[in-house]
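# An overview of the molecular structure
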Amino acid sequence: TCLLSADGRTVYDIPSLKADLGFDPPQTTEFDLTVKAITSCTPQNKTFYASDGTNTLMLVDKAHWPVLAFSANDILHVKGRIRDRGNPDCLSIQVVGKGAPEPVTDLTLGDLVAGQSPSSLVRVCGTVRSARQDEIDPEWAFLTLYDRGNAIKVDFMPSQEELHDLQKLVGAEVAVVGVPHPQRREKNHNRRISPASLSARSLDSFTVLQPSEDPFLSQPLEENDVLRGNASAECRRSARGHVLAAYGGSHVVLRDDRGAILNVELSADVPPALNAHIRVAGYPATDLYRLNLTDAAWRLEPGSPLPQTDPQDVSLVDLLTDGRGRTMIKPTFHGQPIRMRGILRTLGNVSGRLMVESERMMIPVDIGQCPDIASRLSPGCEVEVSGICV
């Protein structure tokens, strides 16, 4: 089969434009389309969805953003070309009329996960489990919607105020209208495997069906309840304890009031301070070693200060091998105060981490809670590090 290059051609319909997307390097195809806007274009959203009646496609308006704004159902005459990682970028947009409202199809999250969805607007219902800014592109935010064992991501381009409003929806049952993305595998992008997802473009896309209940009134997390199946991933559980470590924006290691170590993943990137006594409420999950809480909220609680414990001197050989040179991470060190020596190899980056070498092995050291330390260090110096092992 001989595939001819599409470089330099002009297309006049969405199927022809779709056929030229996804090439590496991108095609130089130009397009001249008359389409209906399925979603609005606002100062926060420089991408929008458009339809020619049978096909739907996301277009990018970088040339006019954030000046140009138009509404859903506007008829547009759009000209542009494929560029910038294969995006169909608009160079001129003219509103030429008004179309009929786009029909909305009611589906379940299970339908989306199974790939049973049209290419236009759908409405799904579920409980919001998390809402956070994307760690790769801060212009985007993602909500996790959960219903009867199925979960999807809802992508959004909010302002900071809108993001705070979205985070208030955590725990609420909502209906969301958006454009579905089928399940697909991406090989050339940051996310290797993309589950079924939904694109929403404004707060008007969300309707609250059942407000969130106070998460801190949920029952305490009990190991036996989870192991016996009496607590499901759809029921919140709570715990109290002291913060041993907080890192990565949304991860907390807690020593609960009974002395157990609990991993907590927060629903928003607002971690508590170290040593704070807090109550957390989230959804129970397990790994190979202990119970965890995911998509959790937290609040300060009165309590006695955490007793200080002297760190244990360890070597990376003790921590990361079985004593005979084979890699073996020791889970018993997790949540424990440790101290080690090594040579600083790299200073902190945007994630607030250093790299320390010891015994020909490297280990990351998170200084997100004390970033001023970096100004007193230089690569190659010998350091002694005390902290909580994660």
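Everything discussed here concerns the structure shown above.
Predicted, not measured: the structure shown is a model, and the values here were computed from it. (Residues numbered from 1 in each chain as written. Predicted model: local features only at pLDDT ≥ 70, side-chain atom pairs only at ≥ 80, totals over all residues. Heavy atoms only, no water.)

### Quick look at the overall build of the protein chain
Looking only at helices and strands, one finds five helices and 25 strands in the protein chain. When contacts within the protein chain are restricted to residue pairs at least 6 apart in sequence, long-range pairs at least 24 apart make up 55% of them. Within the structure as shown, the protein chain displays about 20900 Å² of accessible surface, and the carbon and sulfur contribution to it stands at 51%. (Helix = DSSP H or I, 4+ residues; strand = E, 2+ residues; numbered from the N terminus. Contact = heavy atoms within 4.5 Å. Areas by Shrake-Rupley, 256 points an atom, 1.4 Å probe, with all protein chains shown as cover.)

### Description of the side chain of N292
For N292, the location among the structural elements is in strand β20 (residues 291-300). In this structure the side chain of N292 is engaged in a polar contact, spanning 3.2 Å, whose partner is the side chain of N263. (Polar contact = N/O pair within 3.5 Å; in protein donor to acceptor, adjacent residues only side chain to side chain.)

### Focus: helix α3 (residues 160-167)
Turning to α3, its buried residues number three or more, namely E162, L163 and L166. Across the axial projection of α3, the buried residues extend over an arc of 105°, all falling on one side. Where the residues of α3 are buried, they touch β8 (122-133), β9 (141-147), β10 (150-156) and β15 (206-210). (Buried < 20%, exposed > 50% of the residue type's maximum accessible area, 1.4 Å probe, protein only. Arc of directions from axis to C-beta.)

### Examining the packing of aromatic side chains
One pass over the full model with this rule turns up two aromatic pairs. Plain terms: the ring middles of F48 and F70 are 4.9 Å apart, the flat faces sit at 85° to each other, and that makes the pair edge-to-face. Here F48, found in strand β3 (residues 47-51), pairs with F70, found in the loop between β4 (56-60) and β5 (74-83); they are 22 residues apart in sequence, far enough to count as distant. F70 carries the same exposure label as F48, and that label is buried. Ring centres 5.9 Å apart and planes at 65° place the aromatic pair F156 and F206 in the edge-to-face group. Of this pair, F156 sits in strand β10 while F206 sits in strand β15, placing them 50 residues apart in sequence. Judged by its relative accessible area of 12%, F206 falls in the buried class. Seen from the ring of Y146, R129 lies directly overhead, with NZ or CZ sitting 4.5 Å from the centre. When the ring centre of Y283 is taken as origin, the NZ or CZ atom of R129, which lies over that ring, is 3.6 Å away. (Phe/Tyr/Trp six-rings, centres within 6.5 Å; stacked < 30°, edge-to-face > 60°. Lys NZ or Arg CZ within 6 Å of the ring centre and 35° of its normal.)

### Considerations on the nonpolar core
If you look at the biggest cluster of nonpolar residues, it comprises 22 residues, and the most contacted ones within it are L145, V154, V176, L198 and F206. When residues of this core are assigned to their parent elements, the largest contribution, four residues, is made by β8. Discounting chain neighbours no more than four positions away, the residues touching V154 are A141, F142, L143, L145, V176, L198, A200 and F206. If you look at the next biggest cluster of nonpolar residues, it comprises 18 residues, including A37, C41, I82 and C90. (Core = buried A, V, L, I, M, F, W, Y, C linked by side-chain atoms within 4.5 Å.)

### Quick notes on the sheet that holds strand β17 (residues 251-256)
Spatially, five strands are ordered β16-β17-β18-β20-β19 in a closed barrel, and the strand pairing comes out mixed. The average angle at which neighbouring strand axes cross in this sheet is 55°, direction not considered. Note that strand β19 (residues 277-286) and β20 share eight bridges and pair antiparallel. Paired with P284 across the strands is L293, a residue of β20. (Pairing = 2+ DSSP bridges. Axes fitted to C-alpha atoms, helices over the stretch in contact; angles between N-to-C directions.)

### A word on the pattern of salt bridges
For side chains bearing opposite charge, pairing can occur when the charged atoms are close. This structure, assessed with the given rule, holds 20 salt bridges. Salt-bridge contacts for R132 lead to E265; the nearest nitrogen and oxygen are separated by 3.7 Å. Taken together, the residues span a long stretch of sequence, with R132 in strand β8 and E265 in strand β18 (residues 261-266) at a distance of 133 residues. When its relative accessible area of 28% is taken as the criterion, E265 is described as partly exposed. Put simply, E384 and R341 hold a salt bridge, and the shortest N to O gap is 3.8 Å. Of the two residues, E384 is situated in strand β25 (residues 382-388) and R341 in strand β22 (residues 337-346); the sequence distance between them amounts to 43 residues. Classification of E384 by relative accessible area gives partly exposed; the value is 49%. What emerges from the salt-bridge pattern is a single network uniting R240, D257, R279, R299 and E301. (Salt bridge = Lys/Arg side-chain N within 4 Å of Asp/Glu carboxyl O.)

So, to be careful, I would describe these as geometric facts and stop short of saying anything about function.
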